[in-house]
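These are the residues of each chain, in order.
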Amino acid sequence: MQEELVTEKSSGKSVAGAFRGSPLTGPATKAVPIGQIEPKAEKRVPTRLAELDRVLGGGLVPGSGMLIAGEPGIGKSTLLLQTAQRISAQGARFLYVTGEESAAQVRLRSDRIGKAGDELYLLAECDLERIEDQIAAVRPAVVGIDSIQTVRWAEVPSSAGGVTQVREVTARLLALARREGFPLLLVGHVTKDGGVAGPRVLEHMVDGVLQFEGERGQPLRILRGIKNRFGSTQEVGIFEMRGDGLAEISNPSKLLLGERRSDAPGSATAAILEGSRPLLVEVQALVSPASHGTAARKVSGLDASRLSMLAAVFEKRLGLPFGERDIHANVVGGVKMSSTAGDLALAAALLSSLHDKPVPANCVFIGEVGLLGEVRAVPGMGERLEEARRLGFRSAAVPAGSIPKNTVPEVQIHEISDVGQLGRKIRADG
Ligand code: TYD
Ligand code: MG
């Protein structure tokens, strides 16, 4: 079991700054006119994990500190270890500090998931000063700490994992990375119920935060840049957790739609955007007579309030009996559908289940549904349609007037102006 974060009160003052020889107080610097500054671009260290490099913006920046945050068990240690393997395989020295597992355990895992170069160094240590000593002795090109919550600095009078410890230890390590010029990767746990005290206090200290997300029991993992001083936060990296580690997924839509049964009522395909990446996902709905008087609403992978809103719109605008039905709705594959662009697919799945008619095969649904039942435009239509075409979809239900006719010629466009029209279409075509 991973340790829980201990929340504690802190004065907010930096303990680190109070010690002599602290790396936080480097030599004095002078203000200079901007024109006299050499505009040198940082030379990055590519990790050669394409999905990670994409999120980083091309590789690790020397002297920077990146936080890999995620729930326990999501795959942070695996990602760090695979990064260490790839970097060391290029001949660059990677120091992997583990405070959670023994060096032998990490070695075993490393053998199972890939190949480590001679330049991958392991250190099983929790004491900050000993870690610093080893960094000085080994002189690594990149340092990874798994996890920041296990590291303790003896000078700080509180337990490892507490807010003060985590903050002081991070400040020290970041300053060392900046001074020595090595990229620093920190693993940080966040808890499911939003108990993100540790990594949250770190967000403003580090140069970037990469959030590793996924559903338990599902193989799909999404690495999201939620802060990045050296790259775009519009990029996401997509992986699949397999028996032999994380595999990079360049065609996630195919993985997500793999088990779709297009002839079954209650299923519709949405085209959502993850960062700037279009992703096709299957939205499922099951509408059944309420079993216990009040209608139940159960969702997974989508916003419950969006479902309630759609049910209310159907009831009010189309006179459909959703108020007295139980509704289960689900996005397949562990993706969270957070934007309203998936409304039209959810609406189609709901109507399809209610009428017990499958939606037209090979049709993708894109659009937001408003309170009046109107179907509204969403951004990125071209990218979404192109992804649909790539996956073999040949028709698309889209908001009326949202797209010029021949944007993606292979995909036939059906303009839908409101949910009434959608309902008629599903009843007629199914
Ligand atoms: P891990 O990287 O230890 O997660 P974290 O560091 O975020 O806590 O990975 C945890 C889970 O991943 C573990 O429950 C088993 C699974 N896993 C695989 O399925 N395949 C693998 O090759 C590895 C290394 C882990
Ligand atoms: Mg771990």
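This write-up is about the structure you can find in this document. All residue numbers refer to positions counted from 1 along the written sequence of the respective chain. Lettering of chains starts at A and numbering of ligands starts at 1, both following the order in which they are written. At least 70 in pLDDT is required for a residue's local features to be given in this predicted model, at least 80 for side-chain atom pairs to be given and counted, and no such filter applies to totals for whole chains, interfaces and linings, which use all residues. Excluded from the side-chain calculations are hydrogens and water; all other atoms, namely the structure's heavy atoms, are used.

### Some points on the overall build of the protein
Put simply, DSSP H or I for four residues or longer makes a helix, DSSP E for two residues or longer makes a strand, and each gets a number counted from the N terminus. Looking only at helices and strands, the protein features 11 helices and 18 strands. The classification of residues rests on relative accessible area computed with a 1.4 Å probe and restricted to protein chains. Under 20% of the type maximum is buried, over 50% is exposed, and intermediate values are partly exposed. Here the protein holds 430 residues, and 49% of them are scored as buried. Excluding contacts between residues fewer than 6 apart, the proportion of contacts in the protein whose partners are at least 24 apart in sequence is 69%. About 19,600 Å² of surface is accessible on the protein, with carbon and sulfur atoms providing 50% of the total. Each charge class in the protein can be summarised by its mean position, and for the 52 positive and 50 negative side chains these summaries are 2 Å apart. The contact criterion used is simple: two residues touch if any of their non-hydrogen atoms lie within 4.5 Å. For the accessible areas, the method is Shrake-Rupley and the probe is 1.4 Å, while residue cover comes only from the protein chains on display. In this tally, Asp and Glu contribute negative charge and Lys and Arg positive charge; neither His nor the terminal groups of the chain are included. Note that the charge is assigned to NZ on lysines, CZ on arginines, CG on aspartates and CD on glutamates.

### Describing the nonpolar core
Taken as a class, soluble globular proteins show a tendency for nonpolar side chains to be buried jointly. Nonpolar core, defined: a set of buried Ala, Val, Leu, Ile, Met, Phe, Trp, Tyr and Cys residues in which side-chain atoms within 4.5 Å join the residues together. Phe314, Phe322, Leu350, Phe365 and Leu422 are the most contacted members of the largest nonpolar core, which has 47 residues in total. For this core, the element with the most residues is helix H9 (residues 343-355), which contributes nine residues. Viewed by domain, this core spans two of them, domain 1 (45-250) and domain 2 (255-429), each represented by three or more residues. How far each domain reaches was decided by an automatic or database domain assignment.

### What to know about the pattern of salt bridges
Where charged atoms from two side chains of opposite charge approach closely, those side chains can pair. Counted as salt bridges are all cases of a side-chain nitrogen of Lys or Arg within 4 Å of a carboxyl oxygen of Asp or Glu. For the structure shown, the criterion picks out 22 salt bridges. Between glutamate 374 and arginine 376 there is a salt bridge, with the nearest N and O atoms lying 2.8 Å from each other. Within this structure, Glu51, Arg54, Glu235 and Arg277 form a network of salt bridges that share partners.

### Details of the sheet that holds strand E9 (residues 245-248)
The strand order E3-E2-E4-E5-E1-E6-E7-E8-E9 describes an open sheet built from nine strands, whose pairing is mixed. At either end of the open sheet lies a strand with only one pairing partner, and these are strand E3 (120-124) and E9. Averaged over all pairs of adjacent strands, the angle between strand axes in this sheet comes to 25°, irrespective of strand direction. Bridge count for strand E2 (residues 94-98) against E3 is five bridges, and the pairing is parallel. If DSSP finds at least two bridges between two strands, the strands pair. Structural elements are reduced to axes, namely lines fitted to C-alpha atoms, with helices fitted over the stretch in contact, and the angle between N-to-C directions of any two is expressed from 0 to 180 degrees.

### Here's the deal with the site of ligand 1
Close to ligand 1 lie 17 residues; Gly73, Ser77, Thr78, Arg242 and Gly245 are nearest. Contacts to ligand 1 include isoleucine 74, whose backbone N or O atom sits 3.3 Å from an oxygen atom. Between an oxygen atom of ligand 1 and a main-chain N or O atom of glycine 243, the distance comes to 3.1 Å. About the coverage of ligand 1: the protein hides 75% of its 550 Å² of free accessible area. Elements with a minimum of two residues in the shell around ligand 1: helix H2 (76-89), helix H3 (103-113) and strand E8 (236-242). Gly falls in the polar group here, along with every residue not listed as nonpolar (Ala, Val, Leu, Ile, Met, Phe, Trp, Tyr, Cys, Pro) or charged (Asp, Glu, Lys, Arg). For the shell around ligand 1, the per-class residue count stands at four nonpolar, seven polar and six charged. When at least one non-hydrogen atom of a residue lies within 4 Å of a molecule or strand, that residue is treated as near it. Any pair of nitrogen or oxygen atoms within 3.5 Å is treated as a polar contact; in protein, a donor-acceptor pairing is required on top of that, and neighbouring residues in sequence qualify only through side-chain atoms on both sides.

### Description of a nonpolar patch on the surface
Each patch is built from residues lacking any salt bridge and having more than 30% relative accessible area; the joining distance is 9 Å for like charges and 5 Å for nonpolar side chains (Val, Leu, Ile, Met, Phe, Trp, Tyr). Taken together, Val32, Ile34 and Ile37 make up a surface patch of nonpolar side chains, about 320 Å² in accessible area. Position of valine 32 among the secondary structure elements: in the segment before helix H1 (50-56). The exposure class assigned to valine 32 is partly exposed, which follows from its relative accessible area of 41%.

### Thoughts on the sheet that holds strand E14 (residues 363-365)
Read across the sheet, seven strands follow the order E12-E13-E11-E10-E14-E17-E18 without closing on themselves; strand pairing throughout is mixed. Taken across any chain shown, the strands that pair with only one partner, and hence form the sheet edges, are strand E12 (297-300) and strand E18 (412-416). Averaged over all pairs of adjacent strands, the angle between strand axes in this sheet comes to 30°, irrespective of strand direction. Relative to strand E13 (residues 325-331), E12 runs parallel, the two sharing four bridges. Directly across from lysine 298, in E13, lies its bridge partner histidine 328. Taken strand by strand, H9 contacts strand E10 (267-274), strand E11 (277-289), E13, E14 and strand E17 (395-399), and its axis lies near 30° from that of E11. Packed onto the sheet, helix H11 (residues 419-429) meets E14 and E18 and runs at close to 130° relative to E18.

### As for the pairing of E8
Among the seven residues of E8, five are classified as buried, and the element is accordingly described as predominantly covered. The sheet contact formed by strand E7 (residues 220-228) and E8 spans five bridges and is antiparallel. Residue leucine 220 lies in a different strand from E8, and its bridge partner there is glutamate 240. As paired strands, E8 and E9 are joined by four bridges and run antiparallel to one another. The partner of methionine 241 across the bridge, within E9, is leucine 246. Joining the antiparallel neighbours E8 and E9 is a turn of two residues.

### Points about H9
An expected span of 1.5 Å times one less than the residue number is assigned to each helix. Between the first and last C-alpha of H9 there are 18 Å, a value that for 13 residues agrees with the 18 Å anticipated at 1.5 Å per step. The element H9 is extensively covered by neighbouring structure, given that 12 of its 13 residues are classed as buried. Every buried residue of H9 is listed here: Asp343, Leu344, Ala345, Leu346, Ala347, Ala348, Ala349, Leu350, Leu351, Ser352, Ser353 and Leu354. Following H9 by one or two positions, aspartate 356 adopts a phi angle in the positive range, close to 55°.

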